[in-house]
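The primary structure of each chain is shown beneath.
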Amino acid sequence: MTRNDPNQPGKGKKPAENPVDPREPHSVRFTGSEWKSIKRAAELHGIPAGELVRNGAMAAAGELLGELPPATLSSGHAALIEAVYRMVYMMATLDRGRLLDAGRGKELEDLIAAARKTMAETMDEGTG
């Protein structure tokens, strides 16, 4: 895996922003120690510090206003979901013969169909 590999978790394509309501930069001030804590928390979750701040602010605003924030899926989460899906698919493909020999073909096909459906639904959440 190369450093700029788009299949590496956290390196996927950015979800399309809403062209009707594009994001604009705004300034927020933090002390040095506050920003260090934010950066550490963001690193633990594999997201940029700005995204952590934005998500936290939107969640707090939604809670105070009694509204649910719109669902978003970061590029890192999308890449991670895709990587996990590919790995599970590969493992299922490698074990397919053994599962078919054991009479578990229907179960295998149901699992693959459910995984595909879940992935499609999850990916749609980040674009809607």
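Only a predicted model underlies this, so the values are computations on that prediction, with no experimental measurement involved.

**Q** I'm lost on the overall build of the protein in this one. Help?
**A** Of the regular secondary structure elements, the protein holds four helices and zero strands. Of all 128 residues assigned to the protein, the portion counted as buried reaches 15%. By sequence separation, contacts in the protein at least 24 residues apart represent 52% of the contacts at least 6 residues apart. Accessible surface, the protein: about 10,400 Å² in total, of which carbon and sulfur atoms supply 58%.

**Q** Looking at this structure, how should I read the packing of aromatic side chains?
**A** Centre-to-centre distance and the angle between the planes together describe a pair of aromatic rings. Inspection of every chain in the model, using the stated rule, returns one aromatic pair. Ring geometry for F30 against W35: centres 5.5 Å apart, planes inclined by 35°, an arrangement best described as tilted. On the accessibility criterion, F30 (33% relative accessible area) is partly exposed.

**Q** Which parts of the structure should I look at to understand a nonpolar patch on the surface?
**A** Taken together, the side chains of V28, F30 and W35 make up a nonpolar region of the molecular surface, amounting to roughly 270 Å² of accessible area. Note that V28 resides in the segment before α1 (32-45).

**Q** I keep staring at the pattern of salt bridges and nothing clicks. Help me out?
**A** Oppositely charged side chains are able to pair whenever their charged atoms sit close together. Evaluated as defined, the whole model comprises three salt bridges. For R86, the salt bridge identified is with E82, shortest N-O distance 2.5 Å. Residue R86 and its partner E82 are located together in helix α3 (residues 75-101), separated by four residues, close to a single helical turn. A salt bridge links D110 to K106; the nearest nitrogen and oxygen atoms lie 2.8 Å apart.

**Q** Help me understand α1, please; the structure alone is not making it clear to me.
**A** Each full turn of the α-helix corresponds to 3.6 residues, which orients residues three or four apart in the same direction. Over its 14 residues, α1 runs 20 Å from end to end, which matches the ideal 20 Å to within 8%, given 1.5 Å per residue. G46, located one to two residues past α1, shows a positive phi value of around 70°.

**Q** Just to check I follow, could you spell out helix α2 (residues 49-65) for this structure?
**A** The terminal C-alpha atoms of α2, which comprises 17 residues, lie 24 Å apart, in line with the 24 Å expected from a rise of 1.5 Å per residue. The complete set of buried residues in α2 reads A49, E51 and G62. Across the axial projection of α2, the buried residues extend over an arc of 165°, all falling on one side. Structural note: α2 exposes L64 and L65 on the side pointing more than 90 degrees away from its buried face. Two residues or fewer past α2, G66 is found with a positive phi of approximately 70°.

**Q** Help me out: how do you make sense of the packing of α1 against α2 in this one?
**A** When two helices pack together, their arrangement is given by the angle between the helix axes and the distance between those axes. Axis separation between α1 and α2 bottoms out at 8 Å; the angle between their running directions is 95°. Between α1 and α2, the crossing angle belongs to the class labelled roughly perpendicular. Counted together, W35, I38, K39, A41 and A42 of α1 and A49, G50, L52 and V53 of α2 form the full contact between these two elements. A breakdown of the residues in the contact of α1 with α2 according to their chemical character gives seven nonpolar, one polar and one charged.

**Q** Sorry, what's going on with the confidence of the model for the protein here?
**A** Predicted coordinates in areas of low pLDDT are best not read in detail. When pLDDT is averaged along the protein, the result is 76; 74% of the residues meet or exceed 70. In this model residues 1-16 is a low-confidence stretch, pLDDT under 50, and it forms 24 contacts with partners more than four residues away in sequence or in other chains.

**Q** Could you clarify how one ought to interpret the environment of A78 in this entry?
**A** Looking at the secondary structure, you find A78 in helix α3. Assessed through its relative accessible area of 13%, A78 is described here as buried. For A78 and M119, which are 41 residues apart along the polypeptide, the C-alpha to C-alpha distance reads 9.4 Å.

What counts and how
Residues numbered from 1 in each chain as written. Predicted model: local features only at pLDDT ≥ 70, side-chain atom pairs only at ≥ 80, totals over all residues. Heavy atoms only, no water. Helix = DSSP H or I, 4+ residues; strand = E, 2+ residues; numbered from the N terminus. Buried < 20%, exposed > 50% of the residue type's maximum accessible area, 1.4 Å probe, protein only. Contact = heavy atoms within 4.5 Å. Areas by Shrake-Rupley, 256 points an atom, 1.4 Å probe, with all protein chains shown as cover. Phe/Tyr/Trp six-rings, centres within 6.5 Å; stacked < 30°, edge-to-face > 60°. Patch = residues over 30% accessible without salt bridge, like charges linked within 9 Å, V, L, I, M, F, W, Y side chains within 5 Å. Salt bridge = Lys/Arg side-chain N within 4 Å of Asp/Glu carboxyl O. Expected span 1.5 Å × (residues − 1). Arc of directions from axis to C-beta. Axes fitted to C-alpha atoms, helices over the stretch in contact; angles between N-to-C directions. Parallel < 35°, antiparallel > 145°, perpendicular 65-115°, else oblique. Nonpolar A, V, L, I, M, F, W, Y, C, P; charged D, E, K, R; others polar. pLDDT = per-residue confidence, 0-100.

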